[in-house]
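Observations on the three-dimensional arrangement
Listed here are the chains, written in short residue letters.
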Amino acid sequence: WEPYPKPSFDLLTDLLFETDRSHEAPGLWRQVIDLAPEKPDAWIRYASVLFRLERKDDARTALEEALEKTSGDLLIKRYLAPLLAAAGEYERAMDYYEDFLDRYSDHAETLLEYARTLSAAGRQHEVADALRKALESNPDQHVKAHAQAWLFELENPKRVEAMKLAAEKVERGDVAGAAEDLERLVEWMPEYWKAWAFLANLYNRLGRHTDAEGAAQHTLNLYPGSEPTYLDLANSLIGQGRDGDADDLLSQLENHGLASVPLLLTHAMVKKRLGRQDQARSIAAAIREAVGPGNSEVERVLAEIEGR
């Protein structure tokens, strides 16, 4: 029996989840808590396991108990705050965020969550300041992209309205007109990833695949987490006859855990185009197992991939 903090327990937890024994993980961490109830990180690990098991109410209950046992530890408040916000308890959530930010004023991810809670609570006039602080706090690319885009939308409502008008043109079938409007808009918003992602998609629709590749790459430089943009990037490569490059891209994405049904379908089609039918069918089988019966559009594409 290892002394706290039991360094092997994190590995054991992952192993339990990987071997369909995830139901044993809460009991594992409960034993740790019983030995060291004053340690906040043990409570947080316990709550995170419950959350992974989609036992959100139990996770919240655990953190509420932890708050008492750890004398109101700031880290416990930090993890409890988003659960409170999700339950609509905005005032208490904001209090906990503010307690944490009083000590850690430059924690960018917390500032972004705090901004979302302020917005949900109707305190819109405070959102922009929280976003600016997040951007000043050396955020990672994910937080930076979302904070930057949201702040842009707050400060430039007319340009955001122009984006909506472009979307309405697409709905009316005027894809070329929407692309022209967006081309003018992005000159004024080079760091607004949502506009560039939209433009990449429109370029592919218009058969302008080289332009689509450039717009998609720009989007992903701003926000590497834009999964639909990876699909547009893959389609831009396919449109240029660069199936091998598309195959490499989609393989890399799968290796990094990006494996949505649209990406997998595209990858299977690319494998088929490259003459790798066995690999295409293997991907198709995995999609069918994940999606199940009843999705006629997916079934149509799978039948094409499998040659039926």
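Going by the structure above, here's the rest.
Presented here is an overview of the structure given in this document. As the structure is a computational prediction, the values presented were derived from the model and not from experiment.

**Quick notes on the overall build of the protein**
Secondary structure summary: the protein contains 18 helices and 0 strands in total. For the C-alpha atoms alone, the extent of the protein along its principal axes is close to 60 × 50 × 35 Å. For the protein, the proportion of its 308 residues judged to be buried stands at 44%. Pairs at least 24 apart in sequence give 48% of the contacts found in the protein among residues at least 6 apart. Accessible surface, the protein as shown: approximately 16,300 Å² in total, 49% of it carbon and sulfur.

**As for the packing of helix H6 (residues 90-103) against helix H7 (residues 108-120)**
At a minimum axis distance of 10 Å, the contact between H6 and H7 shows a crossing angle of 155°. Considered as vectors, H6 and H7 are oriented roughly antiparallel to each other. Here H6 and H7 pass one another in a crossing that is left-handed. On H7, the residues that touch Tyr90, Ala93, Met94, Tyr97, Glu98, Phe100 and Leu101 of H6 are Thr110, Leu111, Glu113, Tyr114, Thr117, Leu118 and Ala120.

**What to know about the pattern of salt bridges**
Tallying each qualifying case throughout the model produces 30 salt bridges. Here Glu98 makes a salt bridge to Arg123, at a shortest N to O gap of 3.8 Å. With Glu98 in helix H6 and Arg123 in the loop between H7 and helix H8 (127-135), the pair connects residues that are 25 residues apart, well separated along the chain. Residue Arg242 is joined to Asp245 by a salt bridge in which the shortest nitrogen-to-oxygen separation is 2.9 Å. Several salt bridges converge on common partners, so that one network encompasses Arg30, Asp34, Glu65 and Lys69.

**Description of the side chain of Asn204**
Take Asn204: it is sitting in helix H12 (residues 193-205). Judged by its relative accessible area of 13%, Asn204 is buried. Among the polar contacts listed, one links the side chain of Asn204 to the backbone oxygen of Asp232, at a separation of 2.9 Å. Those residues in contact with Asn204 that sit more than four places away from it in its chain are His209, Ala212, Asp232, Asn235 and Ser236.

**With respect to the nonpolar core**
Counting residues in each nonpolar core, the largest one holds 45 residues, and the members touching the most others are Tyr46, Ile76, Tyr114 and Leu131. Looking at this core, the element that brings in the most residues is helix H3 (residues 40-52), giving 7 residues. When sequence neighbours within four positions are dropped, the list of residues in contact with Ile76 reads Pro40, Trp43, Ile44, Leu63, Ala66, Leu67 and Thr70.

**Some remarks on the packing of aromatic side chains**
Under the defined criterion, the tally for this structure stands at 5 aromatic pairs. Both rings, one in Phe100 and one in Tyr104, keep their centres 4.9 Å apart while their planes meet at 35°; by these two values the pair is tilted. Pairing Trp193 with Tyr223 gives two aromatic rings, centres 4.6 Å apart and planes at 55°, and the pair type is tilted. Of the two residues, Trp193 sits in helix H12 while Tyr223 sits in the loop between helix H13 (209-222) and helix H14 (227-239), which places them 30 residues apart along the sequence.

Reading guide: rules and limits
- Residues numbered from 1 in each chain as written.
- Predicted model: local features only at pLDDT ≥ 70, side-chain atom pairs only at ≥ 80, totals over all residues.
- Heavy atoms only, no water.
- Helix = DSSP H or I, 4+ residues; strand = E, 2+ residues; numbered from the N terminus.
- Buried < 20%, exposed > 50% of the residue type's maximum accessible area, 1.4 Å probe, protein only.
- Contact = heavy atoms within 4.5 Å.
- Areas by Shrake-Rupley, 256 points an atom, 1.4 Å probe, with all protein chains shown as cover.
- Axes fitted to C-alpha atoms, helices over the stretch in contact; angles between N-to-C directions.
- Parallel < 35°, antiparallel > 145°, perpendicular 65-115°, else oblique.
- Left-handed = near helix turned anticlockwise from the far one by under 90°.
- Salt bridge = Lys/Arg side-chain N within 4 Å of Asp/Glu carboxyl O.
- Polar contact = N/O pair within 3.5 Å; in protein donor to acceptor, adjacent residues only side chain to side chain.
- Core = buried A, V, L, I, M, F, W, Y, C linked by side-chain atoms within 4.5 Å.
- Phe/Tyr/Trp six-rings, centres within 6.5 Å; stacked < 30°, edge-to-face > 60°.

The values reported here are purely geometric and, on their own, carry no functional implication.
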